[in-house]
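# Survey of secondary and tertiary structure
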Amino acid sequence: MTLLLRLLGAVLCSLVVSSEVVPQADFDLQAMAGKWYLIGFATNAQWFVNRRDSMKVGTAMFTPTADGDLDLSYASLNSDGSCWRLNNLAKKTDVPGKFTYASWGNENDMRMVDVKYDEYALTHTIKTKAGVATVVNKLYGRSVDLSADLLEKFRQFSLDTGILPENIAFLPKNAECPAA
């Protein structure tokens, strides 16, 4: 019962806090272009709790479109040598740095919260499925190694948005998938 109340509290807290998370004020879509490494991942979602031990660093290609949308292509090398790949087209909104897209039955509201374009990007996504909202925070780096200060910044941001400490992961390094 205590665990259930704790999870319920975290979910309610994340819903309240998430509505206040805004994109970086001077967001530059074109500067997001290129290759990023997914280094940090944080969510209270059950699928993550069940799979986090098998997750490793993957790559993301962010490609701005002529319409101002953002093409997202993810790839992660599995332990058997196969590659897990996912592609989404994040549609721009009226707010620079805020995008929406559908994936795995979820409606996603993604915000580029803190970006230093040559170093790191911190994103905050609210995933809604069947009326239930879940927060997912991600930390990307232009290289696989980020400073301890940036890792701590991500950890604190995730805590502030309702993620339980045990659900904040820094992914182990991994080889890259070959080009598709």
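Structural data are supplied above this passage.
To start, this report covers the structure provided alongside it. No experiment lies behind these values; they were computed from the predicted model shown.

## Comments concerning the state of the cysteines
Throughout the structure, instances matching the rule amount to one disulfide. Here C83 connects covalently by a disulfide to C177, the sulfurs 2.2 Å from one another. When the S-S torsion is -125°, as for the bridge of C83 with C177, the disulfide is left-handed. Remark: C177 occurs in the segment after β9 (168-170) and C83 occurs in strand β4 (residues 83-92); sequence separation between them is 94 residues.

## Points about the packing of aromatic side chains
Overall, the coordinates contain nine aromatic pairs when judged by the stated rule. Where F62 meets Y140, the ring centres are 5.2 Å apart and the plane angle is 70°; that geometry is what we call edge-to-face. On the criterion of sequence distance, the pair formed by F62 in strand β2 (residues 58-64) and Y140 in strand β8 (residues 132-141) is long-range, its members being 78 residues apart. Of the two residues, F62 and Y140, both sit in the buried class. Taken together, the ring pairs connect W36, F62, Y74 and Y140 into an aromatic cluster.

## Considering helix α3 (residues 148-160)
Taking 1.5 Å of rise per residue, the 13 residues of α3 would be expected to cover 18 Å, and the 18 Å separating its terminal C-alpha atoms lies within 8% of that figure. Taken residue by residue, α3 has L150, F154, F157 and S158 as its buried positions. For α3, the angular spread of buried residues about the axis comes to 100°, placing them on one side. Turned more than 90 degrees from where α3 packs its buried face, A148 and D149 sit exposed. Packed against the buried residues of α3 are β1 (34-43), β6 (106-116), β7 (120-129), β8 and β9. A positive phi of about 90° marks G162, the residue just after α3.

## A closer look at unusual backbone geometry
The phi angle at W104 is positive, at roughly 55°, despite the residue not being glycine. When you line up the elements, W104 lands in the loop between β5 (98-103) and β6.

Each value, and the rule that gives it
Each chain has its residues counted from 1, running along the sequence as written. Only residues with pLDDT of at least 70 get local features here, since the model is predicted, and only at 80 or more are side-chain atom pairs given and counted; chain-wide, interface and lining totals rely on the full set of residues. The basis for the side-chain values is all heavy atoms of the structure; hydrogens and waters are excluded. Two cysteine sulfur atoms make up a disulfide if the distance between them is within 2.5 Å. Numbering goes from the N terminus for both helices and strands, where a helix is a DSSP run of H or I of at least four residues and a strand is a run of E of at least two. The criterion for an aromatic pair is that two Phe, Tyr or Trp rings (for Trp, the six-membered ring) have centres within 6.5 Å, with stacked assigned to planes under 30 degrees apart, edge-to-face to planes over 60 apart and tilted to the rest. Classification of residues uses two cut-offs on accessible area relative to the type maximum, computed with a 1.4 Å probe and protein chains only: under 20% is buried, over 50% is exposed, and between them is partly exposed. Multiplying 1.5 Å by the helix residue count minus one yields the expected span of that helix. Read the arc as the range of directions from the helix axis to the C-beta atoms. In this analysis, two residues are considered to be in contact whenever any of their non-hydrogen atoms come within 4.5 Å of each other.

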